[in-house]
Amino acid sequence: MHDENATPAPDESTDGHSRRAVLRTAGIAGAGLGLGTFAGGGTARAGTREATDGPAAAPAPARKGKTMIGVPFEGRSTVRVGIIGLGNRGGGMIDLFLAQPGVRVVALCDPAKDKVAAAAKKVVAAGQPAPATYTNGDNDFEKLCARGDVDFVYVATPWDWHFEMAKAAMLNGKHVGVECPLALRVDHLWELVDLSERTRRHCMQLENCCYGKNEMRVLRMAHAGKFGDLLHAAGAYNHDLRQLMFDPNYYEGPWRRLWHTRLRGDLYPNHGFGPTANYMDVNRGDRATHISSFGTPALGLAEYRRAHMPPGDPSWKETYIESDRTISLVQTAKGRVIRLEHDVSTPHPYSRVNSLGGTRGVFEDYPARVYIEPDHTDDRWGDFSKYAAEFDHWLWKEHANPPGGHGGMDYLLVFRLMQCMRLGLVPDFDVYDGATWTAPVPLSHASIKAKGAPQEIPDFTRGLWRKARPGIDSEKPKES
């Protein structure tokens, strides 16, 4: 687990499943890799350098079940958790599940037996019974999902696996939480929405940045009207990952780097889009309608390889097409604008940008600063910390120094999710949010290929976005 308070560290959220999982798609290294439709129409072809895209978004398919908006979990005294993927992310997040009251980790899955063994020792050391383990190949996760004693499946694997693991969990009657991104194709996002509605199981994008201290304070200030009528926001994942992507001991195999041979667009929009969508009540009174994206040339990884990788290294067979910096503009139904950025292949300090502006003022992060009328009238940035006492979320007041990585937001995400499951509450976000936050992955790629042409973002709520409803700005529940 990385400590963002010390040195900005990656929140890849999907670090490591198995070397075999990598080799499953790495053999063509840079080709379309048979991943199918990225943006809703065409099909990737093996032997090509990038995906072939069709239309950006199809009309919403007919609803096959009932909406999951406002649907609570079933309350229970103990939440039984199964974890798939025990690399950097899953191997650290298990500590946070084990730290929660009323939570048992009952099953673990990863083809890397040493990782499962290390995680199982943590479970026993926490005073819980030894968990069931699944290490027999890449598809052993299906047996974990089929268990009768699992309530929630947590997925922290390479991105290629997220869709099918979430699908398997719901088909077996389990709620499921998936690290970023939820899926990589628009049709797969629709399939997860439909499956959640049909099975009555929640499928959630576990976006930890929504629980960041600054993000939650800004959210509550926005809802209190401090920024006036909201106009614009910005979020990003700008993080120099060059060294880590070429480090065989960090990512298990080249899976993370290989995505730079497949897509040109924003590979990781969720950290920026999730919080900014919350500020603007996207899917709760507003919705994201279109995205236009632009990308720079792909030069950073190749330049880093020339400087650091020896001749004959397997990376020399790769051709990188991912834009070094992707900039996207998202339009909402109310006419607001959200700017998204992605850059993991050039030198720069860590930043999620995280800004919000309205008719009464603006907040900007990295570093945090604020300018709001009538509090500030001297054309100078104000002290954001002065708003802490009034506007910090109850989670941050109750857990002033939460354990775990990324400044404590990982812990608060797990705490709040498990609390909602134990008490039978509606989750803070749902499958419609996860699908919306992830849609820029394929759609930004399609827009860049079309020289910035707007791509339609599907209305995954099928019209229900118009109704205001609660989200992550929650009230503290009464524990029972």
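So, here is what we can say about the structure in this document. Keep in mind that what you see is a predicted model, and the values were worked out from it rather than measured.

Let's talk about the overall build of the chain
Line of reasoning, step 1. Within the chain one finds 16 helices and 14 strands.
Line of reasoning, step 2. When each of the 480 residues of the chain is scored for burial, the buried share is 62%.
Line of reasoning, step 3. For the chain, the exposed surface amounts to about 17600 Å²; the carbon and sulfur share of it is 52%.

Re helix 10 (residues 270–279)
Because an α-helix packs 3.6 residues into every turn, residues spaced three or four apart end up facing the same way.
Line of reasoning, step 1. Here helix 10 lies mainly inside the structure; ten of its ten residues are buried.
Line of reasoning, step 2. Note on helix 10: the residue one or two positions beyond its end, Asp281, has a positive phi of about 55°.

Focus on the sheet that holds strand 1 (residues 79–84)
Line of reasoning, step 1. An order of 3-2-1-4-5-6 is seen for the six strands of this open sheet, with the pairing classed as parallel. The open sheet has two free edges, formed respectively by strand 3 (132–134) and strand 6 (203–205), since each of these has just one partner strand. In this sheet, adjacent strand axes meet at a mean angle of 25° when their direction is disregarded.
Line of reasoning, step 2. Relative to strand 6, strand 5 (residues 175–178) runs parallel, the two sharing three bridges. Directly across from Gly177, in strand 6, lies its bridge partner Met204.

With respect to the environment of His202
Line of reasoning, step 1. On the secondary structure map, His202 appears in the loop between helix 6 (186–199) and strand 6.
Line of reasoning, step 2. A relative accessible area of 1% places His202 in the buried class.
Line of reasoning, step 3. Taking the C-alpha atoms as reference points, His202 and Gly177, 25 residues apart in sequence, are found 8.1 Å from one another.
Line of reasoning, step 4. With sequence-adjacent residues up to four places away left out, His202 is seen in contact with Met68, Val71, Pro72, Phe73, His175, Val176, Ser196 and Pro427.
Line of reasoning, step 5. A polar contact is formed between the side chain of His202 and the backbone oxygen of Val71, at a distance of 2.7 Å.

Here's the deal with the sheet that holds strand 14 (residues 455–456)
Line of reasoning, step 1. Read across the open sheet, the eight strands follow the order 13-12-11-7-10-9-8-14; overall the sheet is mixed. If you trace the sheet from one side to the other, it starts and ends with strand 13 (369–372) and strand 14, each paired once.
Line of reasoning, step 2. Taken together, the four bridges between strand 11 (residues 355–358) and strand 12 (residues 361–364) define a ladder with antiparallel strand orientation. Looking at the pairing, Gly358 lines up with Gly361 of strand 12.
Line of reasoning, step 3. Relative to the sheet, helix 10 contacts strand 7 (230–238), strand 8 (288–295), strand 9 (326–332), strand 10 (337–343) and strand 11, its axis offset from that of strand 7 by approximately 160°.

Notes on the side chain of Asn270
Line of reasoning, step 1. Examined against the element boundaries, Asn270 turns out to sit in helix 10.
Line of reasoning, step 2. A residue is classified by how much of its surface remains accessible, and Asn270, at 0% relative accessible area, is buried.
Line of reasoning, step 3. Discounting residues that sit within four places of it in the chain, Asn270 has contacts with Cys180, Pro181, Gln205, Glu207, Pro275, Trp437 and Thr438.

A short note on the nonpolar core
Line of reasoning, step 1. Within the largest apolar cluster, 105 residues are counted, with the highest numbers of intra-cluster contacts made by Phe152, Tyr211, Phe227 and Met418.
Line of reasoning, step 2. With ten residues, the top contributor of residues to this core is helix 14 (residues 409–423).
Line of reasoning, step 3. Counting contributing residues per domain, this core is built from domain 1 (79–205) and domain 2 (210–394 + 429–456), each supplying no fewer than three.
Line of reasoning, step 4. The next biggest cluster of nonpolar side chains, apart from the first, holds 22 residues, and it includes Leu184, Trp259, Ala302 and Val344.

Concerning the environment of Arg264
Line of reasoning, step 1. With respect to the secondary-structure elements, Arg264 resides in the loop between helix 9 (255–258) and helix 10.
Line of reasoning, step 2. Spatially, the C-alpha atoms of Arg264 and Ala298 are 8.4 Å apart, while their sequence positions differ by 34 residues.

As for the packing of helix 7 (residues 213–223) against helix 10
Line of reasoning, step 1. Relative to each other, helix 7 and helix 10 sit at 20°, their axes nearing to 9 Å. Put simply, helix 7 runs roughly parallel to helix 10. Crossing hand, helix 7 versus helix 10: right-handed. Residues Glu215, Val218, Leu219, Ala222 and His223 of helix 7 lie in contact with helix 10, whose contacting residues are Pro275, Asn278 and Tyr279.
Line of reasoning, step 2. Grouping the amino acids of the contact of helix 7 with helix 10 by side-chain chemistry returns five nonpolar, two polar and one charged.

Concerning the pattern of salt bridges
Any two side chains of opposite charge can pair, so long as their charged atoms come close to each other.
Line of reasoning, step 1. This structure, assessed with the given rule, holds 30 salt bridges.
Line of reasoning, step 2. Its salt-bridge partner being Asp410, residue Arg89 comes within 3.0 Å of it at the nearest N-O pair. One end of the pair, Arg89, is in helix 2 (residues 88–98); the other, Asp410, is in helix 14, and 321 residues separate them in sequence.
Line of reasoning, step 3. Residue classification places Arg89 among the buried positions, given a relative accessible area of 3%.
Line of reasoning, step 4. Judged by its relative accessible area of 0%, Asp410 is buried.
Line of reasoning, step 5. For Lys167, the salt bridge identified is with Glu191, shortest N-O distance 2.8 Å.

Reading the values: the criteria
Residues numbered from 1 in each chain as written. Predicted model: local features only at pLDDT ≥ 70, side-chain atom pairs only at ≥ 80, totals over all residues. Heavy atoms only, no water. Helix = DSSP H or I, 4+ residues; strand = E, 2+ residues; numbered from the N terminus. Buried < 20%, exposed > 50% of the residue type's maximum accessible area, 1.4 Å probe, protein only. Areas by Shrake-Rupley, 256 points an atom, 1.4 Å probe, with all protein chains shown as cover. Pairing = 2+ DSSP bridges. Axes fitted to C-alpha atoms, helices over the stretch in contact; angles between N-to-C directions. Contact = heavy atoms within 4.5 Å. Polar contact = N/O pair within 3.5 Å; in protein donor to acceptor, adjacent residues only side chain to side chain. Core = buried A, V, L, I, M, F, W, Y, C linked by side-chain atoms within 4.5 Å. Domains from an automatic or database assignment. Parallel < 35°, antiparallel > 145°, perpendicular 65-115°, else oblique. Left-handed = near helix turned anticlockwise from the far one by under 90°. Nonpolar A, V, L, I, M, F, W, Y, C, P; charged D, E, K, R; others polar. Salt bridge = Lys/Arg side-chain N within 4 Å of Asp/Glu carboxyl O.

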